[in-house]
Amino acid sequence: LAKTTQPISMDSYEGQEVNITCSHNNIATNDYITWYQQFPSQGPRFIIQGYKTKVTNEVASLFIPADRKSSTLSLPRVSLSDTAVYYCLVGGDFYNQGGKLIFGQGTELSVKP
Amino acid sequence: EAGVVQSPRYKIIEKKQPVAFWCNPISGHNTLYWYRQNLGQGPELLIRYENEEAVDDSQLPKDRFSAERLKGVDSTLKIQPAELGDSAVYLCASSLNSRENGYTFGSGTRLTVV
């Protein structure tokens, strides 16, 4: 399973766009890239998933370059409530890896007023 | 739709005592996971079930930890006896065995061993 590397922490201000980059140099052909968000005293929550290029939903965008060795989670116009830990995961291919997801340490995002 | 339900929410026990955590996954989710999360760390997988079968328990410390998922629905994770180092949040998650849906996690049980 591919290992991921992401910044330990990031600071931002309300209304700014936040981009969190994750590197996964050993990503396998069947791997997908998934991001989770975790608030204190809660379990992680699925945000977005992609395989290549760009994926957008109502919460975030995920940019994946052609070589797929990195990915960037983009949060538009963050608010105080976006303060959380964000995890980048690679894997989750149920047909080859049984849906096993390995969490790293995550990026602790702090949004200030 | 009800989410993944875990109980108890908090548990404080003395070392060497037994403890059990319960998880009720989302209805219809055939895959169930138990994770342990230490303070400041990401969750680490303990065991994964496909229906009632434990298909990946390589990370489960089998000398003191056990788990079951009778009838392929609810699941229980047990520690006997608990050690100080077992203090952590124990998270349960379930999925439809489809990567598009991701996992749905419960709120976890925070265990403190004193």
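Residues numbered from 1 in each chain as written. Chains lettered and ligands numbered in written order. Predicted model: local features only at pLDDT ≥ 70, side-chain atom pairs only at ≥ 80, totals over all residues. Heavy atoms only, no water.

**Student:** What is the right way to read the sheet that holds strand β5 (residues 53-56) of chain A from this model?
**Tutor:** Hydrogen bonds between backbone atoms are what pair the strands of a sheet, whose relative direction is either parallel or antiparallel. All names here are of chain A. Pairing within the open sheet is antiparallel, and its four strands lie in the order β2-β7-β6-β5. Sheet topology places β2 (18-23) and β5 at the edges, where each strand pairs with a single neighbour. This sheet shows a mean twist of 15 degrees between the axes of neighbouring strands, independent of strand direction. Strand direction decides the pairing type here: β5 and strand β6 (residues 61-64), joined by four bridges, are antiparallel. The residue bridging Thr56 from the neighbouring strand is Ser61, located in β6. (Pairing = 2+ DSSP bridges. Helix = DSSP H or I, 4+ residues; strand = E, 2+ residues; numbered from the N terminus. Axes fitted to C-alpha atoms, helices over the stretch in contact; angles between N-to-C directions.)

**Student:** Could you clarify how one ought to interpret the packing of aromatic side chains in this entry?
**Tutor:** The geometry of an aromatic ring pair is captured by the separation of the ring centres together with the interplanar angle, meaning the angle of the planes. Going through the model one piece at a time under the given rule, you end up with 15 aromatic pairs over all chains. Ring centres of Tyr36 of chain A and Tyr103 of chain B lie 6.5 Å apart, and the angle between their planes is 75 degrees; on these two criteria the pair is classed as edge-to-face. Of this pair, Tyr36 of chain A sits in strand β3 (residues 32-38) while Tyr103 of chain B sits in the loop between β9 (88-95) and β10 (104-105), on two different chains. A relative accessible area of 0% places Tyr36 of chain A in the buried class. We classify Tyr103 of chain B as buried; its relative accessible area is 4%. Ring centres of Phe103 of chain A and Phe105 of chain B lie 5.9 Å apart, and the angle between their planes is 80 degrees; on these two criteria the pair is classed as edge-to-face. One end of the pair, Phe103 of chain A, is in the loop between α1 (94-97) and β9 (107-112); the other, Phe105 of chain B, is in strand β10, on a second chain. You'll find Phe103 of chain A and Phe105 of chain B in the same group, each marked buried. (Phe/Tyr/Trp six-rings, centres within 6.5 Å; stacked < 30°, edge-to-face > 60°. Buried < 20%, exposed > 50% of the residue type's maximum accessible area, 1.4 Å probe, protein only.)

**Student:** What should I look at first to understand the state of the cysteines in this one?
**Tutor:** Every disulfide links exactly two cysteines, by a covalent bond between their sulfur atoms. Residue and element names in this part refer to chain A. Tallied over the full model, the rule gives two disulfides over all chains. In this model Cys22 forms its disulfide with Cys88; the gap between the sulfur atoms is 2.2 Å. Between Cys22 and Cys88, the S-S dihedral sits near -80 degrees, and the bridge is therefore left-handed. Within this pair, whereas Cys22 is found in strand β2, its partner Cys88 is found in strand β8 (residues 84-91), the two being separated by 66 residues in sequence. (Disulfide = S-S within 2.5 Å.)

**Student:** Just to check I follow, could you spell out unusual backbone geometry for this structure?
**Tutor:** A negative phi angle characterises most non-glycine residues, just as the trans form characterises most peptide bonds. Residue and element names in this part refer to chain B. The peptide bond linking Ser7 to Pro8 adopts the cis configuration, its omega dihedral lying at -5 degrees. Secondary-structure assignment places Pro8 in the loop between β1 (5-7) and β2 (10-13). For the peptide bond that leads from Gln80 to Pro81, omega is -5 degrees, which places it in the cis range. The residue Pro81 is located in the loop between β8 (75-79) and β9 in this model.

**Student:** Please clarify how the sheet that holds β8 of chain B should be interpreted in this entry.
**Tutor:** All names here are of chain B. With respect to topology, four strands assemble into an open sheet ordered β1-β3-β8-β7, the strand pairing being antiparallel. Looking at the sheet topology across the chains shown, the edges are occupied by β1 and β7 (65-68). Adjacent strand axes in the sheet meet at a mean angle of 15 degrees, parallel and antiparallel pairs treated alike. Bridging between strand β3 (residues 19-24) and β8 involves five bridges; their strand directions are antiparallel. Its bridge partner lying in β8, Cys23 is registered against Ser75.

**Student:** What should I look at first to understand the side chain of Ser61 of chain A in this one?
**Tutor:** Residue and element names in this part refer to chain A. Looking at the secondary structure, you find Ser61 in strand β6. For Ser61, a relative accessible area of 13% translates into the label buried. For Ser61, the side chain forms a polar contact with the side chain of Thr56, separated by 3.1 Å. Discounting chain neighbours no more than four positions away, the residues touching Ser61 are Ile48, Lys54, Val55, Thr56, Thr72, Leu73 and Ser74. (Polar contact = N/O pair within 3.5 Å; in protein donor to acceptor, adjacent residues only side chain to side chain. Contact = heavy atoms within 4.5 Å.)

**Student:** Could you clarify how one ought to interpret the pattern of salt bridges in this entry?
**Tutor:** A side chain of one charge can pair with a side chain of the opposite charge when the charged atoms of the two come close. A complete count under the given rule lists six salt bridges over all chains for this structure. For Lys112 of chain A, the salt bridge goes to Asp11 of chain A, with nearest N and O atoms at 3.8 Å. Within this pair, whereas Lys112 of chain A is found in strand β9, its partner Asp11 of chain A is found in strand β1 (residues 9-13), the two being separated by 101 residues in sequence. The exposure class of Lys112 of chain A is partly exposed, given its relative accessible area of 33%. Residue Asp11 of chain A is classed as exposed on the basis of its relative accessible area, which comes to 55%. A salt bridge links Asp86 of chain B to Arg64 of chain B; the shortest N-O distance between them is 2.6 Å. One end of the pair, Asp86 of chain B, is in the loop between β8 and β9; the other, Arg64 of chain B, is in the loop between β6 (53-56) and β7, and 22 residues separate them in sequence. On the accessibility criterion, Asp86 of chain B (3% relative accessible area) is buried. Exposure remark for Arg64 of chain B: the relative accessible area of 12% places this residue in the buried category. (Salt bridge = Lys/Arg side-chain N within 4 Å of Asp/Glu carboxyl O.)

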